Amino acid sequence: MKTTKMMPYQDKSSNMSPRRVRSRHWRHSRTGTAVVAVLALLLSTAAWLSLVFSGTTTRCWHRFKDWERRPQAFPWGRRRQDRSSSILQPPTTSPPPPSVSLLPFPRNSSLPSAGEELSLRHIVFGIAGSSHLWKRRKELVRLWWRPKDMRGHVWLEERVSPEEGDDSLPAIMVSEDISRFRYTNPTGHPSGLRISRILSESFRLGLPDVRWFVLGDDDTIFNADNLVSVLNKYDPSEMVYIGGPSESHSANSYFSYSMAFGGGGIAISHPLAEALSKIQDGCLDRYPKLYGSDDRLHACITELGVPLTREHGFHQWDIRGNAHGLLSSHPIAPFVSIHHVEAVDPFYPGLSSLESLKRFTRAMKVDPGSFLQRSICYDHTRHLTFSVSLGYVVQVFPHIVLPRELERSEQTYSAWNRINNRNEFDFDTRDPYRSVCKKPILFFLKDVGREGNATLGSYERARGKDDLKRKVFCFPQMRPLRYVQHIQVLGYPLSKNWHLVPRRLCCRLNQTSSELLKLTVGQCEKGSFSSFN
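The model shown is predicted, which means the values in this text are computed figures rather than measured ones. (Residues numbered from 1 in each chain as written. Predicted model: local features only at pLDDT ≥ 70, side-chain atom pairs only at ≥ 80, totals over all residues. Heavy atoms only, no water.)

Draft legend 1. Examining the pattern of salt bridges more closely. For the coordinates displayed, the defined rule picks out 22 salt bridges. Across the pair Glu201 and Arg197 runs a salt bridge, and its minimum N-O distance is 3.2 Å. No difference in accessibility class separates Glu201 from Arg197, as the two residues are buried. The shortest N-O distance in the salt bridge between Lys446 and Glu460 comes to 4.0 Å. Taken together, the residues span a long stretch of sequence, with Lys446 in strand S17 (residues 441-451) and Glu460 in strand S18 (residues 454-461) at a distance of 14 residues. Relative accessible area serves as the criterion here: at 41%, Lys446 is assigned to the partly exposed category. The network of salt bridges with shared partners includes Glu176, Arg180, Arg197, Glu201, Arg204 and Asp281. (Salt bridge = Lys/Arg side-chain N within 4 Å of Asp/Glu carboxyl O. Buried < 20%, exposed > 50% of the residue type's maximum accessible area, 1.4 Å probe, protein only. Helix = DSSP H or I, 4+ residues; strand = E, 2+ residues; numbered from the N terminus.)

In structure tokens form, the structure reads like this:
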């Protein structure tokens, strides 16, 4: 039997050097440790995810956060809050804005039924005034205020003598003390804090059947009937913020393009007023550096997430000088308000500022809907263009001017900051004609009244320094309408829903004699496709 010779077992490691043996053991131990660490990490991650996404843990966490937010959860927090309320000095740091609740604010239980049409009795006016200016400014409020139909108050910083108020004006209220609020704007005035709280103070009066709060200044002129028509487009049971920006690009850039400027009027629905009354005082502490009242109000409304609804009939009128260019080119929208009426020249020649405003508001009251609405018509035989602004002026151009050019406002004014550059204005403007032969002849409103269901306005030719220049420099061209001293404009009322889909009015020319000219103005008939007829 053949035997196999066995080789004795020899440990390979015995031939290795001690250094290589230690290196091999170290690599084995490092790999094992890494594997164990990865496994442990995976196990711990899986355990953590299962814990976080379990329903029990989520419910416990939310209950703990709800408990944590309650003032009574920490007794020392309640004592600190009690002590701070007794200190008049406001905090030096702004508190964070409140979290927005997903639950709606409670609806106004005093709101009239949806079937009842909006009227002035559903609107509360909050008019910002100053006790030092009230003796003069009350005459401006008297021009548009209707005591039998309107509700509201004039809010002053201090009481005035009883003889400065009467039954034909809104009741006077004294604003609450604002000394507990910080005001750090270096160029403004703390009265902005007081005025910004007029909305909350008006809401807390608890007047019944209120759908809208309308804010304005004591030098604001409101067209009340058009205001009702415009607000009637919106649902007063929702949070609505209505107004208009400034005419000045600089003002809009400094404050905000999404802010309603207070002088032009701000309309706020009842639910939004209710929400603001709950957060406004805390909100004001977060904005001590803001300038005025309307930017503070806008900041708080922004925290509620409500955007501005722009209506073209609200006019801040941040202008100075001659307002003719704006009055003669009003947007195709219901005229609602103007502001800064004392900072511009009288609207009608030969009258004081107050007398001019009296004529202006008288024409506004005769036919509120069509007031300042425009119409363009042509006399192609004599190459004349007639541009009518109802209740204000008839312009007669001695040449054909197309509607696209007439839609632009003639820049007869400067901005509130006294800048005259066209780029300063956030609407279409055009330069005035330099040639006296191209300038229009102006016929300003002299008187207005009713004729059946229409209005009949008499417009008188304005005497100006350009009359002599036309005779000299425009010869041999004949002066347009050189014998006409008056133009009568018969204006028919607009339909109730014209403002929902507005269109510029149409007009028809009727020459009755060499000294009298008549225009008929009203809504365009169906099938009328152009003013250029």
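There is more to say after this.
Draft legend 2. Geometry of the packing of helix H9 (residues 270-284) against helix H10 (residues 294-303). For the pair H9 and H10, the least separation of the axes is 9 Å and the interaxial angle reads 110 degrees. It follows from the interaxial angle that H9 and H10 lie roughly perpendicular. Once H9 is placed against H10, the crossing between them reads as right-handed. Seen from H9, the contacting residues are Leu272, Leu276, Ile279, Gln280, Cys283 and Leu284; seen from H10, they are Arg296, Leu297, Ala299, Cys300, Ile301 and Glu303. Split into classes, the residues belonging to the contact of H9 with H10 amount to 9 nonpolar, 1 polar and 2 charged. (Axes fitted to C-alpha atoms, helices over the stretch in contact; angles between N-to-C directions. Parallel < 35°, antiparallel > 145°, perpendicular 65-115°, else oblique. Left-handed = near helix turned anticlockwise from the far one by under 90°. Contact = heavy atoms within 4.5 Å. Nonpolar A, V, L, I, M, F, W, Y, C, P; charged D, E, K, R; others polar.)

Draft legend 3. Representation of empty space enclosed by the protein. All told, the structure shown has 3 cavities of 30 Å³ or more when counted by the stated rule. Computed from the structure, the largest cavity encloses a volume of approximately 120 Å³. What lines the largest cavity is a set of 14 residues, among which Leu390, Gly391, Val448, Thr455 and Tyr459 lie closest to the centre. Contributing elements (two or more residues each) for the lining of the largest cavity: helix H12 (353-366), S17, S18 and strand S19 (486-491). The element best represented in the lining of the largest cavity is S18, accounting for 3 residues. Its residues placed into classes, the lining of the largest cavity shows 8 nonpolar, 5 polar and 1 charged. In this model, the second largest cavity occupies a volume close to 70 Å³. In terms of lining, the second largest cavity is formed by 10 residues, of which the most central are Cys437, Arg470, Cys474, Gln477 and Pro480. For the lining of the second largest cavity, the class distribution of residues is 6 nonpolar, 1 polar and 3 charged. (1 Å grid on protein atoms, 1.4 Å probe; cavity = no way out; pocket = protein on both sides within 12 Å on 5 of 7 lines; lining within 4 Å. Points joined across faces, edges and corners; volume = space filled by probe spheres on them.)

Draft legend 4. Summary view of helix H4 (residues 134-142). Those residues of H4 that sit buried are Trp134, Arg137, Lys138, Leu140 and Val141. Taken end-on, H4 shows its buried residues confined to a sector of 155 degrees, consistent with a single buried face. On its buried face, H4 sits against strand S1 (123-128), strand S2 (151-156), strand S3 (171-174), strand S5 (221-222) and H12. (Arc of directions from axis to C-beta.)

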